[in-house]
Amino acid sequence: MKRPFEVRIVLVRTIYERNIGSTSRAMSNMGFDKLVLVAPACEITYEAQQAAATGQTGLQNRTTYATWDEFLEKEPESIKICFTARDGKGRQVRDIDDVLTDIADHAPQFQTQSDIPVVVHLIFGPEDWGLAAEDLEHANFCACLPTFGENWSLNLAQATLLGMFSLRKKWGGERTKLDGGKLRRAPQGIKGIDPDQTLKTWLEEMGFDLTRQRKINVYTVLRRMLLQNTPTKKELVVLETVLQQSIRKLREWKAFQKRD
């Protein structure tokens with residue numbers, strides 16, 4: 001993308017507040033925080049907050065418009081993508097991936113290098129019949145979310161999540177860094193436990209020669225298998241106990257063999 005973009009999720013005449021809350025949560029997953037409601041057909045109560053769970057930002061900072069006229073008057077100029085399974089007047093409904101590719105490659109807003117974000121409205125209709133033909137007249141593009149089963153009707157909150165995910169997949173963004181993507185370190189604060197040294201001692205007592213310089217040997221293989229995922233403190237204590245007891249038994253057996 002030649003310039004940044006700002007995505008705003010627009011819910012039109014939403015019937016169930018839990019879907020508004022769930023959409024807010026989905027927005028927090030996808031890194032968006034601007035939620036717009038047009039003529040909502042429900043009150044926003046504690047149920048919406050419950051559905052939003054850990055993604056309250058969009059819900060709490062939402063903007064509400066009573067009509068499309070008010071929306072068009074107060075919202076900035078934008079690329080408007082309406083999600084629907086029906087055609088608008090003179091507009092063909094295409095898969096969202098095709099629409100996003102088309103916008104990125106041909107929309108004039110994205111053909112100019114700039115630091116000013118392009119506002120993109122992703123617009124979703126009510127749960128019963130979706131966006132009406134009159135709603136689709138405001139769209140620059142009409143898109144649908146592909147399904148693969150007999151049931152093509154999506155829950156509203158699921159549809160918003162899929163729409164946002166499709167956009168991120170095509171246009172990018174900074175991915176969340178999960179624990180699995182971080183450099184792992186051995187747990188700290190386990191006094192007297194050195195799993196690397198204990199493993200080496202155990203293998204030496206078992207008769208393995210660890211002095212040979214090899215990229216892969218029994219120590220490196222076992223170390224990777226046992227320690228690469230950073231065991232918990234409790235797991236390290238168990239491993240240490242097993243290895244230490246095994247070492248003691250091996251030494252006792254060797255001492256017994258010498259006496260004989």
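Keep in mind the model is a prediction, meaning the values are calculated, not measured. (Residues numbered from 1 in each chain as written. Predicted model: local features only at pLDDT ≥ 70, side-chain atom pairs only at ≥ 80, totals over all residues. Heavy atoms only, no water.)

Draft legend 1. Spotlight on the layout of surface pockets. Estimated volume of the largest pocket: approximately 600 Å³. Those elements that provide at least two residues to the lining of the largest pocket are strand E7 (141–144) and helix H7 (156–171). Residue lining of the second largest pocket: 13 residues in total, with Asn29, Met30, Glu174, Arg175 and Thr176 positioned closest to the centre. When residues of the lining of the second largest pocket are traced back to their parent elements, those giving at least two are helix H1 (17–30) and H7. Of the residues that constitute the lining of the second largest pocket, the class distribution is three nonpolar, six polar and four charged. (1 Å grid on protein atoms, 1.4 Å probe; cavity = no way out; pocket = protein on both sides within 12 Å on 5 of 7 lines; lining within 4 Å. Points joined across faces, edges and corners; volume = space filled by probe spheres on them. Helix = DSSP H or I, 4+ residues; strand = E, 2+ residues; numbered from the N terminus. Nonpolar A, V, L, I, M, F, W, Y, C, P; charged D, E, K, R; others polar.)

Draft legend 2. Examining the nonpolar core more closely. Of all hydrophobic cores here, the largest spans 37 residues; its most connected members are Ile9, Ile79, Ile81, Ile103, Leu122 and Trp171. Counting residues in each nonpolar core, the second largest holds 14 residues, with Val10, Val38, Trp68 and Cys142 among its members. (Core = buried A, V, L, I, M, F, W, Y, C linked by side-chain atoms within 4.5 Å. Buried < 20%, exposed > 50% of the residue type's maximum accessible area, 1.4 Å probe, protein only.)

Draft legend 3. Seen up close, the packing of aromatic side chains. Counting across every chain of the model gives six aromatic pairs. Through a chain of ring-to-ring contacts, three or more aromatic side chains come together here, namely Phe5, Phe110 and Trp171. For the cation-ring pair, Arg18 lies above Tyr16, with the distance from its terminal atom to the ring centre recorded as 4.8 Å. (Phe/Tyr/Trp six-rings, centres within 6.5 Å; stacked < 30°, edge-to-face > 60°. Lys NZ or Arg CZ within 6 Å of the ring centre and 35° of its normal.)

Draft legend 4. A look at the sheet that holds strand E2 (residues 34–38). A sheet is described by the order of its strands in space; here seven strands give the open sequence E3-E2-E1-E6-E4-E7-E5, paired in parallel fashion. The strands lining the two open edges of the sheet, one partner per strand, are strand E3 (63–65) and strand E5 (93–95). For this sheet the average axis-to-axis angle between neighbouring strands, irrespective of direction, equals 30°. Running at roughly 155° to E2, H1 makes contact with strand E1 (5–12) and E2 of the sheet. Running over the sheet, helix H5 (residues 96–106) touches strand E4 (79–83), E5 and E7 and is turned about 95° from E5. (Pairing = 2+ DSSP bridges. Axes fitted to C-alpha atoms, helices over the stretch in contact; angles between N-to-C directions. Contact = heavy atoms within 4.5 Å.)

Draft legend 5. The packing of H5 against H7, seen in detail. Put simply, H5 and H7 touch, their axes get as near as 10 Å, and they point 45° apart. It follows that H5 is oblique to H7 by the angle criterion. H7 is crossed by H5, and the crossing has right-handed handedness. Of the residues in H7, those in contact with Ile96, Asp97, Leu100, Thr101, Ile103 and Ala104 of H5 are Ser166, Leu167, Lys169, Lys170 and Trp171. Here the residues of the contact of H5 with H7 are counted per class, giving six nonpolar, two polar and three charged. (Parallel < 35°, antiparallel > 145°, perpendicular 65-115°, else oblique. Left-handed = near helix turned anticlockwise from the far one by under 90°.)

Draft legend 6. Inspection of the pairing of E2 at higher detail. Burial within E2 is extensive, with four of its five residues counted as buried. Following the chain from E1 across H1 to the adjacent parallel E2, one finds a crossover that is right-handed. Note: E2 against E3, three bridges, orientation parallel. Counterpart to Val36 in the pairing with E3 is Thr63. (Right-handed = clockwise from strand over helix to strand, strands pointing away.)

None of this, on its own, says anything about what the molecule does.
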